[in-house]
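Coordinate analysis (summary)
What follows is each chain in one-letter form.
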Amino acid sequence: MIYIIQTYGKAFLYSDGYNMTGVAMTLWLLVAACIIGFCLAVPLAIVRNSKHFLFRAPVWLYCFVFTGTPLYVQLLVIYTGMYSLEFVHHVPSLNQFFRSGIDCTILAFGLNTGAYTTEIFAGAIRDTNFGEVDAARSLGYSTPKLYRRIILPSALRRALPVYSNEVILMLHSTTLAFTATVPDILKIANDAYSATYNPFASFTVAAILYACISFTLIFGFRKAEGHFLAFQKR
Amino acid sequence: MRKLLTTFALACMAFAATAQLPAKAKAFTEIKFGVDATYPPFESLSPSGQFEGFDVDLGRAICAELKVKCVFVNQGFDGIIPALEARKFDAILSSMTKTPAREQQIDFSSEMYNEPTSLIAKKGSGLVPTAASLKGKTVGVESGTIQETYANTYWKPAGVTVVSYPGQDQVYADLLSGRLDASLQDSVEADYGFLKTPKGSDYLLAGNVTSDPKDVLGSFIAIGVRKDEPELLANIDKAIAAIIANGTYKKIEAKYFNFDVYGESSK
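Going along each chain's sequence as written, the residues are numbered from 1 onward. Each chain takes a letter, starting from A, and each ligand takes a number, starting from 1, following the order in which they are written. pLDDT decides what is reported in this predicted model: residues at 70 or higher carry local features, side-chain atom pairs at 80 or more are listed and counted, and totals for whole chains, interfaces and linings draw on all residues regardless.

1. Remarks on the overall build of chain B
Counting from the N terminus, the helices are DSSP H or I runs at least four residues long and the strands are E runs at least two residues long. Within chain B one finds ten helices and 13 strands. Exposed residues have 12 or fewer other C-beta atoms within 10 Å of their own C-beta, buried residues have 20 or more, and partly exposed residues fall in between, where C-beta atoms are placed from the backbone. For chain B, the residues scored as buried account for 36% of the 267 residues in total. Any two residues are considered in contact once their C-beta atoms, placed from the backbone, lie within 7 Å. Long-range pairs, those at least 24 residues apart, make up 71% of the contacts in chain B between residues at least 6 apart in sequence.

Given below as structure tokens:
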């Protein structure tokens, strides 16, 4: 255990000397995926509750596809599948993008968490109290203003506890990253294992690191809930 | 019953031990090789139960050179050193890499062959396995192999992008898709696993790795003999040198491989 920490400590935390690895890579994947997911989810959640079928249906389909298939398969399709298509090689920007393992991974993770987050936010928007909406309408709020001032702030606050679960599940999903050659915590643990033949110590170090990140996230979200959901405190 | 068997076994062993002592003093007429015949193309059993493979052919050539009879004994690899010590056979001929740990127990002959580490690249790419040639290129390796260690030790500091994959098949897949410019692996694996398959037709063996000052790839493959038989070892060494010199080695090599398994030192 001590040998593994001494030899692979730096690689486990941030770098193998040349590339970002380990905890730094895992956190980067998590943050990038969650930012993409969040930015996708807020507008899509609004469209998801649209009265018009033509608006609602594509978002429903997106959520259905990405929540209905395993993330591993999505990652393989985006990493292995996309780059095997001929036209991708001929468009320089696409070629550049899909050639890189980390770009593909972030895209797959972002689209996946985006789909789940859309469903979470859409549910929260649907649960908004009619009274609040009626009150805003009676004060002459336009629809954009209604969403910006009343529905979204309230819905996002109420979605916070469920959203924190999604972020932690996303952290656990980052262990798939090495499929697309991204050297995350688990890849370093595998390196330590194949060098020392000591699986228990190698994977225990990885488990401790994941647990530390999880606890930090849980702590942060609890604090945020205390702040944003103060009205629910008893 | 068990006691009887044990006594019988002990008696046999005692007899074998006494029988072997004069045999050693007698003129040396045969070599018994211990072989783990489960590792084609190096050693395996043919459907009719004959020993065959690169190692076996080399063993026969060595016996022919020494004008002695060749006997092969099948023995699992994990117990092959204890079996040698127990005098079940005289030498180990089973793709055994010379390592410091094994050298503490048995002696090794001079080099039999080496499974070199080699680079695969697209035909016409002109890449060779040196840091200078691969600078700015992307090279794929399988995670956990000595080849990964090699590429990370020598090439990464020189500006080569080294990408590790969970499995060798994924390395080949990305070589085919064009994500990788080259891949680094065991030469036998490269040959049998990729180059001889239809998909590998556009690719070639771009060369074997020759420079390894920090010795991350380990040593060559050799014949192992007991430490108390320097005479046999000297004879085997002499025979290996002879078959290399007279071209027998090259002939046998050509039967199995389309590349040099001895390494650069034979040139």
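2. Notes on unusual backbone geometry
All names here are of chain B. The backbone phi angle of Arg87 is positive, close to 65°, even though this residue is not glycine. Within the secondary structure layout, Arg87 lies in the loop between α3 (80-85) and β6 (91-92). Arg87 gets classed as partly exposed once you count the C-beta atoms within 10 Å, which come to 15. Phi is positive for Ser95, close to 55°, though the residue is something other than glycine. Among the secondary structure elements, Ser95 is positioned in the loop between β6 and α4 (100-103). Residue classification places Ser95 among the partly exposed positions, given that 19 C-beta atoms sit within 10 Å.

3. Digging into the packing of helix α1 (residues 2-13) of chain A against helix α2 (residues 22-48) of chain A
Between two packed helices, both the angle of their axes relative to each other and the distance between the axes serve to describe the pair. Residues and elements named next belong to chain A. Direction vectors running N to C along α1 and α2 enclose 20°, while the axes themselves pass 3 Å from each other. By the criterion of interaxial angle, the relationship of α1 to α2 is roughly parallel. Here Ala11, Phe12 and Leu13 of α1 lie close against α2, whose contacting residues are Gly22, Val23 and Ala24. Grouping the amino acids of the contact of α1 with α2 by side-chain chemistry returns five nonpolar, one polar and no charged. Structural elements are reduced to axes, namely lines fitted to C-alpha atoms, with helices fitted over the stretch in contact, and the angle between N-to-C directions of any two is expressed from 0 to 180 degrees. In these notes the angle categories are as follows: under 35 degrees is roughly parallel, over 145 is roughly antiparallel, 65 to 115 is roughly perpendicular, and the rest is oblique. The residue classification treats Ala, Val, Leu, Ile, Met, Phe, Trp, Tyr, Cys and Pro as nonpolar and Asp, Glu, Lys and Arg as charged. All others, Gly included, are polar.

4. Here we look at the sheet that holds strand β12 (residues 203-208) of chain B
All names here are of chain B. A pair of strands is treated as paired once DSSP finds two or more bridges between them. The strand order across the open sheet built from five strands is β10-β9-β11-β8-β12, with neighbouring strands paired in mixed fashion. Across the chains shown, the open sheet's two edge strands, defined by having one partner strand only, are β10 (161-165) and β12. Averaged over all adjacent pairs, the angle separating strand axes in this sheet is 30°, with direction ignored. Here strand β8 (residues 117-122) pairs with β12 via five bridges, running antiparallel. Paired with Ala121 across the strands is Leu204, a residue of β12. Along the sheet, helix α6 (residues 146-155) contacts β8, β9 (138-142), β10 and β11 (182-186); its crossing angle with β9, the most-contacted strand, is approximately 145°. Along the sheet face, helix α7 (residues 168-177) touches β8, β9, β10 and β11 and points at about 160° away from the line of β9.

5. Section: the interface of chain A and chain B
With 14 residues of chain A at the contact, the number on the chain B side is eleven residues. Broken down by secondary-structure element, the contributors of at least two residues to the side of chain A that touches chain B are α4 (71-83) and α10 (185-196) of chain A. Among the elements that make up the side of chain A that touches chain B, the one with the highest residue count is α10 of chain A (four residues). Grouping the constituent residues of the side of chain A that touches chain B by class yields four nonpolar, seven polar and three charged.

6. Examining the packing of helix α2 (residues 54-66) of chain B against helix α10 (residues 248-256) of chain B
All names here are of chain B. Remark: α2 packs on α10, axes separated minimally by 10 Å, with the N-to-C direction vectors making an angle of 160°. The orientation of α2 relative to α10 falls into the category roughly antiparallel. The element α2 and its partner α10 pack so that their crossing is right-handed. Contacts between α2 and α10 involve Phe54, Asp57, Leu58 and Ala61 from the first element and Thr248, Ile252 and Tyr256 from the second. Each helix crossing is assigned a hand: it is left-handed if the near helix lies turned anticlockwise from the far helix by less than a right angle, otherwise right-handed if that turn is clockwise.

7. Quick look at the nonpolar core
Definition of nonpolar core: a set of buried Ala, Val, Leu, Ile, Met, Phe, Trp, Tyr and Cys residues joined via C-beta atoms within 7 Å. If you look at the biggest cluster of nonpolar residues, it comprises 52 residues, and the most contacted ones within it are Leu29, Phe121 and Ile125 of chain A. The set of elements that each furnish at least two residues to this core consists of α1, α2, α3 (53-68), α4, α7 (101-126), α9 (143-173), α10 and α11 (199-228) of chain A. Setting aside its immediate chain neighbours within four residues, Phe121 of chain A contacts Ala41, Val42, Ala45, Ala155, Leu156 and Ala159 of chain A. One finds Ile31, Phe108, Val225 and Tyr249 of chain B within the second-largest nonpolar core, a separate group that totals 35 residues.

8. Topic: α10 of chain A
Residues and elements named next belong to chain A. Multiplying 1.5 Å by the residue count of a helix minus one yields the expected span of that helix. Here α10 is twelve residues long and its end C-alpha atoms lie 17 Å apart, about the 16 Å a rise of 1.5 Å per residue gives. Looking at α10, one finds that the buried residues are Ile185, Leu186, Lys187, Ile188, Ala189, Asn190, Asp191 and Ala192. Those residues of α10 that are buried lie in contact with α1, α2 and α11.

9. Some points on the confidence of the model for chain B
When the pLDDT values of chain B are averaged, the result is 83; 87% of them are 70 or greater. Interface scoring of the predicted complex returns ipTM 0.77; its pTM is 0.71. pLDDT expresses, on a scale from 0 to 100, how confident the predictor is about each individual residue.

10. Things to note about the pairing of β10 of chain B
All names here are of chain B. In terms of burial, β10 is largely enclosed, as four of its five residues are buried. Two strands pair when backbone bridges link them, and β9 and β10 are joined in this way by five bridges, in the parallel orientation. Paired with Gly140 across the strands is Val163, a residue of β10. Regarding topology, α6 serves as the crossover connection from β9 to the parallel β10, and that connection is right-handed. By the criterion used throughout, a crossover qualifies as right-handed when its path from the first strand across the helix to the second strand runs clockwise, the strands pointing away from the viewer.

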